[in-house]
Amino acid sequence: MTRAFVFPGQGSQAVGMGRELAANFAVAKSVFDEVDAALGQNLSALMFEGPEGDLTLTENAQPALMAVSVAVARVLQAEKGLDLSKAAFVAGHSLGEYSALCAAGAISLTDTARLLKLRGQSMQKAVPVGVGAMAAILGADLDAAREIAAEAAQGEVCSAANDNAPGQVVVSGHKAAVERAIKIAAERGFKRAILLPVSAPFHCPLMQPAADAMAAALAGTAIQSPVAPLVANVTASAVTDPETIRRLLVEQVTGAVRWRESVLFMKEQGVTELVELGSGKVLAGLVKRIDKELAAISVGAPADIDAFTLA
């Protein structure tokens, strides 16, 4: 069995996430304590107890999801002898790319928490609330979604933002343009096109102010080569060079998340199982839609850790 480890993105957050890990494993609690200290915020209390509205805020959800993913990785290292240097790859969906890099030793936990707090804040500030939107076009492949987005733009921004799985592509941009895309998708007979409950139009050119903020922050951040190659969102190929990683993390803010292609790339390189580390089971579900031959499991709770084997 050849494994890659993958890390979830926004939308996988839920009140209560990480609570059982902290109660059962000192190494997990130490991760949450370090993130709290790095941010000067009791983020772990928000994760464990809510309120949900505050946890869902981009600036909180991003470091919170990373904290749970890294806690799971470190518990597996302590309890099961997991060695990520023996993994074929690591990868993450959007903010999950930071979780992957932290788990693989490329960026310190403190720096990762601070970067994601800034990323969330700057992505939210880049576009006033109500100006942008995102929509999932169900049943469309990437080419069809790009055609719809191009037709809908009409001088505004509308582009394919997330290629998640066959038949699940997300477009992002100005709200009026995204609403036009929904209408065009319906006219062309696609199964369904729905506005997503997000607070900003992520992964499109409207995020350029956030990309600029991340470029400045990443310029002063120490980045090492990860112990396993990272499959980057914007290229859907493997990277280990720290300066290339730094550049791709900036490009990722405005660029599309090429998740379907990333999973297929890992399969082409011989990966037979993807292990999702962190909150929820979104990525494991997408893997099964992308390629039924690939095995996928999610590890996030103490029971999942107990059941996990290195064999």
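Below, the structure is looked at part by part. These numbers come from a predicted model, not from an experiment.

To continue, consider the overall build of the protein. Helix and strand content of the protein: 14 helices and ten strands. Computed over C-alpha atoms, the radius of gyration of the protein comes to 18 Å, within 12% of the 19 Å expected from 2.2 N^0.38 for 311 residues, which places it in the range of a compact globule. Viewed in the frame of its principal axes, the protein has a C-alpha envelope of about 55 × 45 × 35 Å. The long-range share in the protein, meaning contacts at least 24 apart out of those at least 6 apart in sequence, stands at 75%. For the protein, the computed accessible surface area is about 12,100 Å², with 52% contributed by carbon and sulfur atoms. For the protein, the distance from the average position of its 26 positive side-chain charges to the average position of its 32 negative side-chain charges is 3 Å.

The next point concerns helix 2 (residues 26-39). Here helix 2 spans 20 Å end to end across 14 residues, near enough to the 20 Å set by a 1.5 Å rise per residue. For helix 2, the complete set of buried residues consists of Ala28, Val31, Phe32, Val35, Asp36, Ala38 and Leu39. All buried residues of helix 2 lie within an arc of 165° about the axis, which places them on one face of the element. Helix 2 presents Ala26 and Ala37 as exposed residues on the side facing more than 90 degrees away from its buried surface. Of the residues flanking the end of helix 2, it is Gly40, one or two places downstream, whose phi is positive at about 60°.

On to the sheet that holds strand 6 (residues 192-195). Taking strand neighbours across the sheet as the criterion, the four strands line up as 4-5-3-6 in an open arrangement whose pairing is antiparallel. This sheet does not close on itself; its edge strands, each paired only once, are strand 4 (158-165) and strand 6. Mean inter-strand twist for the sheet, computed between neighbouring axes without regard to direction, equals 25°. Of the strand pairs in this sheet, strand 3 (residues 132-138) and strand 6 are connected by four bridges, and their pairing is antiparallel. Directly across from Ala136, in strand 6, lies its bridge partner Ile194. Those strands touched by helix 8 (residues 142-153) are strand 3, strand 4 and strand 5 (168-174), and its axis lies near 160° from that of strand 4. Strands strand 3, strand 4, strand 5 and strand 6 of the sheet are contacted by helix 9 (residues 175-187), whose axis makes an angle of about 145° with strand 5.

With 78 residues, the main nonpolar core has Phe5, Phe32, Met47 and Leu277 as its most contacted residues. Element by element, the count of residues in this core is highest for helix 5 (residues 58-80), at eleven residues. Ignoring any residue separated from it by four or fewer positions in sequence, one finds Phe32 in contact with Gly18, Ala22, Ser44, Met47, Phe48, Ala67, Val68 and Ala71. Residues Ala4, Val257, Leu274 and Leu286 belong to the second largest nonpolar core, which totals 20 residues.

Quick look at the state of the cysteines now. Tallied over the full model, the rule gives zero disulfides. A disulfide-free cysteine, Cys158 has its sulfur positioned 8.5 Å from the sulfur of Cys204, the nearest such atom. When its relative accessible area of 10% is taken as the criterion, Cys158 is described as buried. Judged by its relative accessible area of 0%, Cys204 is buried.

Over its 23 residues, helix 5 extends 32 Å from the first C-alpha to the last, a length consistent with the 33 Å expected when each residue adds 1.5 Å. For helix 5, the buried fraction is high: 17 of the 23 residues fall into the buried class.

This next bit is on the packing of aromatic side chains. Within the structure shown, the criterion is met by two aromatic pairs. Measuring from ring centre to ring centre gives 5.7 Å for Phe32 and Phe48, while their planes differ by 75°; the resulting arrangement is edge-to-face. You can see Phe32 sitting in helix 2 and its partner Phe48 sitting in helix 3 (residues 43-49), a full 16 residues away along the chain. As far as burial versus exposure is concerned, Phe32 and Phe48 are alike and both buried.

The next point concerns the pattern of salt bridges. Per the counting criterion, the structure on display carries twelve salt bridges. Here Arg247 and Glu251 are joined by a salt bridge, their closest N and O atoms 2.9 Å apart. One end of the pair, Arg247, and the other, Glu251, are both in helix 11 (residues 242-254), four residues apart, so they sit about a helical turn from each other. Given a relative accessible area of 43%, Arg247 falls into the partly exposed group. What you see here is one network of salt bridges that share partners, running through Glu147, Glu151 and Arg188.

Each value, and the rule that gives it
Residues numbered from 1 in each chain as written. Predicted model: local features only at pLDDT ≥ 70, side-chain atom pairs only at ≥ 80, totals over all residues. Heavy atoms only, no water. Helix = DSSP H or I, 4+ residues; strand = E, 2+ residues; numbered from the N terminus. Rg over C-alpha atoms; globule rule 2.2 N^0.38 Å. Contact = heavy atoms within 4.5 Å. Areas by Shrake-Rupley, 256 points an atom, 1.4 Å probe, with all protein chains shown as cover. Lys, Arg positive; Asp, Glu negative; His and termini not counted. Charge placed at Lys NZ, Arg CZ, Asp CG, Glu CD. Expected span 1.5 Å × (residues − 1). Buried < 20%, exposed > 50% of the residue type's maximum accessible area, 1.4 Å probe, protein only. Arc of directions from axis to C-beta. Pairing = 2+ DSSP bridges. Axes fitted to C-alpha atoms, helices over the stretch in contact; angles between N-to-C directions. Core = buried A, V, L, I, M, F, W, Y, C linked by side-chain atoms within 4.5 Å. Disulfide = S-S within 2.5 Å. Phe/Tyr/Trp six-rings, centres within 6.5 Å; stacked < 30°, edge-to-face > 60°. Salt bridge = Lys/Arg side-chain N within 4 Å of Asp/Glu carboxyl O.

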